[in-house]
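Structural description and commentary
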Amino acid sequence: MTTTQFQVTGMTCGHCAMSAREEVQEVAGVTGVEVSHQSGQLTVTSDLPVDEAAVVAAVEEAGYQPARSA
């Protein structure tokens, strides 16, 4: 299992986190998504390395600004 973390800005409530989660769950290969609007942390789990550009695009589609966490 692979875990990839992103920092997301612009989320202010639980609905924001839900919107981001729903978009990222549609990315091919993603098996799980955890999002915290308080910390801005988005964690993606997958069986194989996930296409980070697709995750970024999904978060942007939800209306937020993602960056890969170090």
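Residues numbered from 1 in each chain as written. Predicted model: local features only at pLDDT ≥ 70, side-chain atom pairs only at ≥ 80, totals over all residues. Heavy atoms only, no water.

Looking at an unreviewed UniProt entry, one finds the protein chain named Heavy-metal-associated domain-containing protein, with Kocuria gwangalliensis as its source organism.

**With respect to the overall build of the protein chain**
Stated precisely, the cut-off is as follows: Note on conventions: DSSP H or I runs of at least 4 residues are helices, E runs of at least 2 residues are strands, and numbering of each starts at the N terminus. We compute the radius of gyration from the C-alpha atoms alone; for a globule the expected value is 2.2 Å times N to the 0.38, where N is the number of residues. Only protein chains enter the accessibility calculation, which uses a 1.4 Å probe. A residue is then buried if its area is under 20% of the maximum for its type, exposed if over 50%, and partly exposed in between. Residues are treated as being in contact if the distance between any of their heavy atoms lies within 4.5 Å. Each accessible area value is a Shrake-Rupley result obtained with a 1.4 Å probe; residue values ignore everything except the protein chains displayed when judging cover.
A tally of regular secondary structure across the protein chain gives two helices and four strands. Counted from the first residue to the last, the protein chain has its helices and strands arranged as β-α-β-β-α-β. The C-alpha atoms of the protein chain give 10 Å as radius of gyration, which agrees with the globular expectation for 70 residues (11 Å, within 12%). Once the C-alpha set of the protein chain is aligned to its principal axes, its extents read approximately 30 × 20 × 15 Å. Taking all 70 residues of the protein chain together, 40% fall into the buried category. At a minimum sequence separation of 6, the contacts of the protein chain that also span at least 24 residues come to 63%. Approximately 3,900 Å² of the protein chain is accessible, and the part contributed by carbon and sulfur atoms is 49%.

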